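Below, each chain spelled out in residue letters.
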Amino acid sequence: MAIVLFLLKRLVGMVVILIIVSFLVFSLLALSPGSVVATLLGTQPSTPQVVAAIKAQYHLNDPFLVQYWHWLTSAVHGDLGRSIQSGEAVTSVIASHLPVTLELAAYTLVLVVVVGIPVGMAAGIGRGRLFDRSVSGATIVGMGAPGFALGILLIYVFGVGLGWFPVYGAGSSQAIDRVYHLTLPAVALATGLVALIVRQTRAAVMDVMEQDYITFARTRGVGRARVMLGYALRNTALPVVTAAGLLLIVAISGTVLVETVFSLPGAGQLMVQAIEAKNVPVVQGLAFFVAVLVVAVNLLVDAAALMIDPRTRAGVRG
Amino acid sequence: MNTEEGAARDLATHLHPDDAGDRSGAALLHVERLNVAVGPVRRARPLVRDVSFDVHRGQALGIVGESGSGKSLTARAVVGLLPAGLHASGSVTFDGHQLIDAERRTWRALRGSRVSLLLQDPFTMLNPLQTAGAHLAESLPRGGHHSRSRQRDEIARRLGEVGLAAEVAEQYPFQLSGGMRQRVALAVALARDPELLIADEPTTALDVTTQAEVLELLQSIRRSRGMSLILITHDLRVAFSVCDRVQVMYAGSVLEQSPTAALAADPAHPYSLGLLLADPPVTHYVAELTAIPGSVPQADTVADTCAFAARCSWAQPECAAARPPLAPVGPNRTSACLRLGEIHPELRAALSHLDQPAAPPPALTVGDPIAAITELRKTFHTSRLAGRARRTTALDGVSLQIGEGESVGLVGETGSGKTTIARALLGLITPDAGRIDLAGIDISNYRRLDRRQRRQARRIVQAVFQDPYTSLNPALSIGTTLREVLDLRGDVTDSRHETADLLGLVGLPASYAQRRPVALSGGERQRVAIARAIALRPRLLICDEPVAALDVSAQAQVLELLRDIHRRYNTSMLFITHDLSVVRQMADRIIVLYHGQVVETGDTATVLDSPNHPYTRRLINAIPSAQAPSGHAPDRSEP
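Residues numbered from 1 in each chain as written. Chains lettered and ligands numbered in written order. Predicted model: local features only at pLDDT ≥ 70, side-chain atom pairs only at ≥ 80, totals over all residues. Heavy atoms only, no water.

Chain B has the name ABC transporter ATP-binding protein in an unreviewed UniProt entry, where Leekyejoonella antrihumi is given as its organism. For chain B, the Subcellular location (unreviewed entry) comment in UniProt is given as "Cell membrane". Taken verbatim from the UniProt record of chain B, the Sequence similarities (unreviewed entry) comment is "Belongs to the ABC transporter superfamily." (UniProt positions renumbered as here; feature names shortened; annotations may be inferred.)

Here is the structure:
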């Protein structure tokens, strides 16, 4: 019961944050260089009729806050305006680009969790052994390699050189083809994040393995599997889940560069194009979607923490 | 009064005949020349050297020593769980199984089901994400597929054995008090009915009353099960109250092994004597607390000498020539003192000294109250995830006074409100109601004071806290720490000179000004903390458990230093402690606090010798070996 109440409270908090973000996003229009009308006109000829139409559509004659109110109410109804470049509704532009990005981010997260957490745990448990030292060395290289540079290297080696993977595009909408196409981008994006999560997990495991409860469990003959899963993994989970949530957010923003390198028609690429074309409504829409994602991921992380740790459920610190 | 301590010893003799337990046949645990070392094999640094002992079925062995003596490492080596980087050599046989470098299979057959280890800290020993019931369930004997309800009954029975209600099975460790957690841990350690339980300081982290309850429980379970016990402790009184035999360790070596009663009445090593003397008696005031000078050396630095020679008042050149072996000195007794034959009468004489009560020092002229607290109330609110906040009443209408030059002992268990009073006097919390007067300034609400008054108030009262490891800034040298305070005083022209003076006052060499806290032992750090507190020449010094984190010998040094400051500067003291023997030595007057209320107050001798309130009586009865263990008392169920 307390948990439901807590999650409700957090949801209300989320809404407040999103309203603040929406205000900032709306202000982008006013802050962009040149007059608002010129920005919204884009490449259209500046005839009095068109200008009047735009002024009416965007309520430009109203005070700023009223304009914001109009924008917000239509945003809530799913209308974020129209793309200046194509004239399409911003929501449908984003909807056509977002899936690839989300798939890429999810693929990356899977790599990070499936590779990073076990490797980090193994390194932390066998602290100081050869495996740990090699992994620790590799993570430094991994963290140092920028995703886009790594992407170019991967294209050169696995795409051009070995010909194993396609070098651009997202492929057809078939799942297998999609996975095939997204592998190199996901690896490029995941490498640095895997390195981070390995270090996080390793540190957390090392800390947990030195706790008295592990020693106590071993002295009373609790089985090795139980100690590793019930004790080490569960107690490591809290800091690792927190880190993974942050990494997912980093992954979403990291897609901007990687999508450009691999010519993926995703939200990242859309963002780059929209900024280049001063397509403010699309930029607004994307910024708003990213904000929603970030807030949602944070809520998920909090919910996961509640599931993992009974202490957080009781609201007792320490 | 003086006969009580002696009587307690006689009682101990009576209760623990030398050959308690079944000693027919081979020992259950046989340890022979056990060594523990750290580092690569070739250049290994020894931490424990040549430790040999036996534990027979049903017997309880106490391993006693200060921190750094190697007692915990010995225990860890026996269960094969040394920290990473340490390795053991020698021979440890448990019922015929060699345990040094034993294979995993051997351990699987032994750990839990035949040998179990109970650790010190109830707050870290249990998996925080698992209920007490889950801990028991995973530890109960395997095989024989119990039905769910059978298992639940078994868990309830196990909890009942340690004096806990069946509902505790549903609770997580964080919902239980320290004493309850230690009981759960005990039930869990005993779940597979081991023949030998090794308990490493199982009561050190607990309150006196809880400590007594857990010790009694340990004792009664051991007796009813006929289990062997190794009890590791730094507290001689705890070892005396439970164990048949005691082994004294120092810097990784065994210095004496003896039946309990014999050791208590007639120590056969100067270090054993030192430990006995350093432990302040609760029954009477002693004129001078005898500390062992210096601190425990590292094991490898005393490889070729008597480990204790550097701190021994009887040391002769021959003591430092080679490491003296353990030699038999009586029935079932060994000692590593080379000169025991010559000095034994002197050791006896020194011990008898402890039993002589000194007249408490003439009460210093107690002037007007330096601090007066009237009807103080404070409630803390703990916010919860959702729903209503929990309220804890820390102070429920407390009134007390501390006279100029008076030393007042504030006694009570965790949660009784002792520390809240200290924090209120220091202006660190604002009380909900009531009044605090400090030398004529009303400091009930610090925020309402102007800057000058606040400065004045802070000058009047200073504090020494419990943990010297966290109360000093690790980034600052000792000199900088002290100068920082001296600069506040404003009248110091030569702060370098003044720093040296302060260090001299607390018995530290002036060269320590250059050191950082990390290079100091616990006792030395606490002296620096005291130097810092008295640098402002406060009129009231609050000591919040200043020796609770220290070894006995360092404890005696620090107590003696505080007494000296009290006498020399006529500083008023508020001495907060849960240790009645400390309060006996330190306070003119005692205030007993229970659940945020003053339940008894009076001069030290009166309160301790003829307590009025049942709670005070319970505190006094809880002191180990002041009374023989009997039946077992229920835990105060307070999550």
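(A) Representation of the overall build of chain B. From N to C terminus, chain B includes 21 helices and 22 strands. On C-alpha atoms alone, chain B measures out to a radius of gyration of 26 Å, which is about the 26 Å that the 2.2 N^0.38 rule sets for 639 residues. The C-alpha extent of chain B, read off along each of the three principal axes, is 75 × 70 × 50 Å. Counting all 639 residues of chain B, 56% fall into the buried class. Roughly 26,600 Å² of accessible area belongs to chain B as shown, and the carbon and sulfur atoms make up 50% of that amount. Across chain B, the mean location of the 69 positive side-chain charges is 7 Å away from that of the 69 negative side-chain charges. (Helix = DSSP H or I, 4+ residues; strand = E, 2+ residues; numbered from the N terminus. Rg over C-alpha atoms; globule rule 2.2 N^0.38 Å. Buried < 20%, exposed > 50% of the residue type's maximum accessible area, 1.4 Å probe, protein only. Areas by Shrake-Rupley, 256 points an atom, 1.4 Å probe, with all protein chains shown as cover. Lys, Arg positive; Asp, Glu negative; His and termini not counted. Charge placed at Lys NZ, Arg CZ, Asp CG, Glu CD.)

(B) Representation of the domain arrangement of chain B in the model. Residue and element names in this part refer to chain B. Segmenting chain B into domains produces domain 1 (251-359) and domain 2 (369-383 + 391-469 + 539-621). On a C-alpha basis, the centroid separation for the pair domain 1 and domain 2 is 35 Å. Of the roughly 1,300 Å² buried between domain 1 and domain 2 on both sides combined, carbon and sulfur atoms contribute 56%. Inspection of the domain 1/domain 2 interface yields zero salt bridges. For the pair domain 1 and domain 2, the interface holds nine residue pairs in polar contact (both at pLDDT 80 or more). Along the lines of polarity and charge, the residues of the side of domain 1 that touches domain 2 split into 12 nonpolar, four polar and three charged. (Domains from an automatic or database assignment. Buried area = accessible area lost by both parts, 1.4 Å probe. Salt bridge = Lys/Arg side-chain N within 4 Å of Asp/Glu carboxyl O. Polar contact = N/O pair within 3.5 Å; in protein donor to acceptor, adjacent residues only side chain to side chain. Nonpolar A, V, L, I, M, F, W, Y, C, P; charged D, E, K, R; others polar.)

(C) Focus on the domain arrangement of chain A. Domains assigned within chain A are domain 1 (2-76) and domain 2 (94-277). The gap between the C-alpha centroids of domain 1 of chain A and domain 2 of chain A is 36 Å.

(D) Representation of the nonpolar core within the structure. All names here are of chain B. Y271, F308, I530, L541 and L562 are the most contacted members of the largest nonpolar core, which has 74 residues in total. Tallying contributions element by element places helix α18 (residues 552-569) first for this core, with eight residues. When residues of this core are assigned to domains, at least three map to each of domain 1 (251-359) and domain 2 (369-383 + 391-469 + 539-621). Excluding residues that lie within four positions of it along the chain, Y271 makes contacts with G65, E66, V248, M249, Y250, L255, I292 and F308. Core analysis: the second largest hydrophobic core is formed by 70 residues, A189, A191, L197 and M249 among them. (Core = buried A, V, L, I, M, F, W, Y, C linked by side-chain atoms within 4.5 Å. Contact = heavy atoms within 4.5 Å.)

(E) Fine view of the interface of chain A and chain B. Counting residues at the interface gives 30 residues for chain A and 34 residues for chain B. Surface buried jointly by chain A and chain B totals about 2,900 Å² across both partners, of which 58% is contributed by carbon and sulfur atoms. Its largest share of buried area at the contact with chain B, chain A owes to A:F216, A:T219 and A:R220, together 24% of the area lost on that side. Where chain A touches chain B, the interface holds two salt bridges. Salt-bridge contacts for A:R226 lead to B:E138; the nearest nitrogen and oxygen are separated by 2.6 Å. At the boundary of chain A and chain B, one finds 14 residue pairs in polar contact (both at pLDDT 80 or more). Contributing elements (two or more residues each) for the side of chain A that touches chain B: α1 (2-31), α9 (212-219), α10 (224-261), α12 (280-308) and α13 (310-314) of chain A.

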